[in-house]
Amino acid sequence: MDKIVINGGRPLYGSIGISGMKNSALPILFGTILAADKCVIENLPPIKDVTGALQILKEMGAEVKMLDDTTVEIDTSHIVCGSAPYEMARNMRGSYYIAGAELGRFGRSKVALPGGCDFGSRPIDQHLKGFEALGARSNIDNGYLVLETDNALHGDSVYLDVVSVGATINIILAAVLAEGNTVIDNAAKEPHIVDLANFLNACGANISGAGTNVIHIKGVSHLSGVTYAIIPDMIEAGTYMVAAAAAGGNVTVTNVIPKHLESITAKLVEMGVDVIENDDSIVVARSGPLSKVNVKTMPYPGFPTDMNPQMCVLLCLAEGTSTLKEGVWESRFRYTKELACFGAEIQVDQRIAIVEGKGQLTGAEVKAVDLRAGAAMVIAGLAASGTTVVGDIHHIERGYEKIVEKLRAVGADISKITVGDDDSTALVG
Ligand code: EPU
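Residues numbered from 1 in each chain as written. Predicted model: local features only at pLDDT ≥ 70, side-chain atom pairs only at ≥ 80, totals over all residues. Heavy atoms only, no water.

J.: Where do I start with the nonpolar core in this structure?
T.: As a rule of thumb, soluble globular proteins bury nonpolar side chains together. Membership of the largest hydrophobic core comes to 149 residues, with the highest contact counts inside it found for L200 and L339. Counting residues per element, this core draws most heavily on helix α8 (residues 234–247), which supplies eleven residues. Of the domains in this structure, domain 1 (2–18 + 232–427) and domain 2 (22–229) are the two that each give at least three residues to this core. For L339, the contacting residues outside a window of four places in its chain are C312, V313, C316, A344, I346, M377 and A380. (Core = buried A, V, L, I, M, F, W, Y, C linked by side-chain atoms within 4.5 Å. Buried < 20%, exposed > 50% of the residue type's maximum accessible area, 1.4 Å probe, protein only. Helix = DSSP H or I, 4+ residues; strand = E, 2+ residues; numbered from the N terminus. Domains from an automatic or database assignment. Contact = heavy atoms within 4.5 Å.)

J.: Hey, could you run me through the sheet that holds strand β3 (residues 38–42) in this one?
T.: Working definition: the strands of a sheet are paired by backbone hydrogen bonds and lie parallel or antiparallel to each other. Pairing within the open sheet is mixed, and its four strands lie in the order β4-β5-β3-β13. Single-partner strands in this sheet number two, and they are β4 (63–68) and β13 (227–229). Recorded for the sheet is a direction-independent mean angle of 20 degrees between the axes of neighbouring strands. Pairing analysis gives five bridges linking β4 to strand β5 (residues 71–75), with the strands arranged antiparallel. Of the residues in β5, the one forming a bridge with M66 is V72. Of the strands in this sheet, β3, β5 and β13 are in contact with helix α1 (residues 22–35), which crosses β3 at around 160 degrees. Running over the sheet, helix α7 (residues 191–202) touches β3 and β13 and is turned about 165 degrees from β13. (Pairing = 2+ DSSP bridges. Axes fitted to C-alpha atoms, helices over the stretch in contact; angles between N-to-C directions.)

J.: Explain the layout of surface pockets here, please?
T.: Computed from the structure, the largest pocket encloses a volume of approximately 1000 Å³. Surrounding the largest pocket, 46 residues form its lining, R122, V165, G166, V328 and W329 being those nearest its centre. Elements supplying a minimum of two residues to the lining of the largest pocket: α1, α5 (125–133), α6 (165–175), α8 and α12 (371–383). Broken down by element, the lining of the largest pocket gets its largest block of residues, four residues, from α1. Taken together, the residues of the lining of the largest pocket sort by class into 21 nonpolar, eleven polar and 14 charged. Lining the lining of the largest pocket are residues from two domains, each supplying at least three of them: domain 1 (2–18 + 232–427) and domain 2 (22–229). (1 Å grid on protein atoms, 1.4 Å probe; cavity = no way out; pocket = protein on both sides within 12 Å on 5 of 7 lines; lining within 4 Å. Points joined across faces, edges and corners; volume = space filled by probe spheres on them. Nonpolar A, V, L, I, M, F, W, Y, C, P; charged D, E, K, R; others polar.)

J.: I keep staring at α6 and nothing clicks. Help me out?
T.: Side chains of residues three or four places apart in an α-helix project in the same direction, reflecting 3.6 residues per turn. α6 sits mainly inside the fold: ten of its eleven residues count as buried. Where α6 begins, one side-chain oxygen reaches toward the backbone nitrogen of G166, 3.5 Å away; that side chain belongs to S164. (Polar contact = N/O pair within 3.5 Å; in protein donor to acceptor, adjacent residues only side chain to side chain.)

J.: Mind showing me how you'd approach unusual backbone geometry here?
T.: The residue after Y300, namely P301, is reached through a cis peptide bond having omega 10 degrees. With respect to the helices and strands, the residue P301 is situated in the loop between β17 (294–296) and α10 (308–317). Even without being a glycine, A36 presents a positive backbone phi close to 50 degrees. Positionally, A36 belongs in the loop between α1 and β3. Assessed through its relative accessible area of 33%, A36 is described here as partly exposed. Phi is positive for N186, which is not a glycine, with a value near 60 degrees. On the secondary structure map, N186 appears in the loop between β10 (181–185) and α7.

J.: Would you mind showing me how to read the pairing of strand β14 (residues 249–254) here?
T.: Alternating residues of β14 divide into G249, V251 and V253, all buried, and N250, T252 and T254, none buried. With six bridges connecting them, strand β2 (residues 12–17) and β14 associate as parallel partners. Of the residues in β14, the one forming a bridge with G14 is V251. As paired strands, β14 and strand β16 (residues 281–286) are joined by six bridges and run antiparallel to one another. The residue bridging T252 from the neighbouring strand is V283, located in β16.

J.: Just to check I follow, could you spell out the environment of E330 for this structure?
T.: As for its placement among the helices and strands, E330 is situated in the loop between β18 (319–325) and α11 (336–340). Distance in space between the C-alpha atoms of E330 and S121 is 7.6 Å, their sequence separation being 209 residues.

J.: Would you explain the pairing of strand β12 (residues 214–218) in this entry?
T.: Regular strands show a simple pattern: their side chains alternate between the two faces of the sheet. What you see with β12 is a clean split: I215 and I217 sit on the buried side and V214, H216 and K218 on the side with no burial. Taken together, the three bridges between strand β11 (residues 206–208) and β12 define a ladder with antiparallel strand orientation. Note on β12: the bridge partner recorded for S208 is H216. In textbook terms, the turn of a hairpin is the stretch between consecutive antiparallel strands, and for β11 and β12 this stretch comprises five residues, one of which, G209, has a positive phi near 90 degrees.

Here's what the structure looks like:
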């Protein structure tokens with residue numbers, strides 16, 4: 001069992017390079033199914049969710065060859081529809097993009113209902129609404145989502161009742177090869193939707209309006225393979241920006257698109273942190289106290305829900321009472337019980353957390369309850385006095401490449417240890 005150990009209270013100095021975006025990588029990797037050809041995907045983040053997605057593609061019959069740590073060549077010509085292994089698909093939320101991609105290419109699909117982080121119920125009704133508008137029938141059979149069509153898929157208008165990243169992506173995947181025009185109204189506007197659309201357009205698709213709330217897709221008869229580089233991960237970047245603000249010091253976060261980080265930058269500045277935006281890097285520096293602030297998470301371009309736990313740590317370190325409202329997930333605050341172990345005072349009422357900032361935290365033994373919550377525990381450990389031990393770090397490794405190495409390079413006293421069955425421990429990185 002691996003754990004992360006941090007001796008906190010040290011400011012961070014130096015630079016951290018940001019990897020490719022997890023939430024772009026998964027739809028683009030599964031989107032290669034539609035190309036039925038050889039694609040080269042660059043700037044892939046080497047994280048567990050990506051390894052898992054590549055493994056699923058291999059099991060489905062794709063030829064997958066790593067050209068280097070962050071570049072993969074995938075040939076999906078001979079993929080077999082419905083062959084994604086049940087357990088592998090269940091272990092990953094992003095596996096539901098197989099449904100849209102298989103439906104688009106084969107007119108049918110069979111894939112396990114997805115897993116992922118536990119934020120309460122995670123319905124897929126909007127995905128199904130989109131698939132059905134395009135002419136598919138759906139049913140749940142023994143834990144599988146099964147999609148079928150009698151005739152070819154045809155374009156149609158879909159109005160999403162909730163702004164859903166996953167449904168927007170899945171409907172795009174299903175519609176690019178459908179006959180006629182599809183319009184997705186009230187679509188999500190996240191940068192990874194634009195990234196997926198750019199990838200598919202490079203393959204020959206005809207998608208316009210990605211990044212706005214109305215997306216138009218003109219169906220094309222086929223796609224072909226391309227070489228495509230994934231955009232930088234705004235949530236990984238935001239996580240290190242908040243880490244620098246929490247621990248203090250001066251950190252340059254490189255390989256970023258500053259525009260994607262505006263909501264995070266704005267909150268840090270409001271709290272008294274110095275933030276300088278360059279073309280493709282951001283400098284975050286803090287020496288003085290943090291001011292209280294109110295935050296509400298929303299779909300892009302609002303403050304990202306995937307920065308909720310990390311931001312909560314910063315509010316605990318501020319002086320005064322802040323509020324943090326969750327506007328996307330019904331139960332994202334499970335991590336606050338873990339933060340309480342650091343001495344944080346947080347009261348949660350459904351989707352609102354009232355945080356009594358005390359300007360400091362003390363090290364604790366905690367666990368990562370999900371991916372972003374795990375990142376928040378690491379940030380709390382960096383800022384807290386004394387030693388912090390974070391368990392269940394497999395959640396963190398799903399989404400952060402080399403988090404220990406990246407933080408150590410800016411001066412953090414952080415290591416990963418393996419705790420054996422016999423309680424013996426070994427340093428592993
Ligand atoms: N929703 C519905 N019906 C649907 C789909 C969604 O009611 O059919 C609701 C959800 O319950 C939620 C809201 O709509 O309240 C938004 O969900 P969305 O579909 O946008 O989320 P997702 O696609 O399942 C992706 C990311 C999450 C991120 C959210 C929001 C992936 C694999 N996951 O999830 O990322 O929190 O968008 O930005 O892309 C993470 O990376 O840590 C993570 C959890």
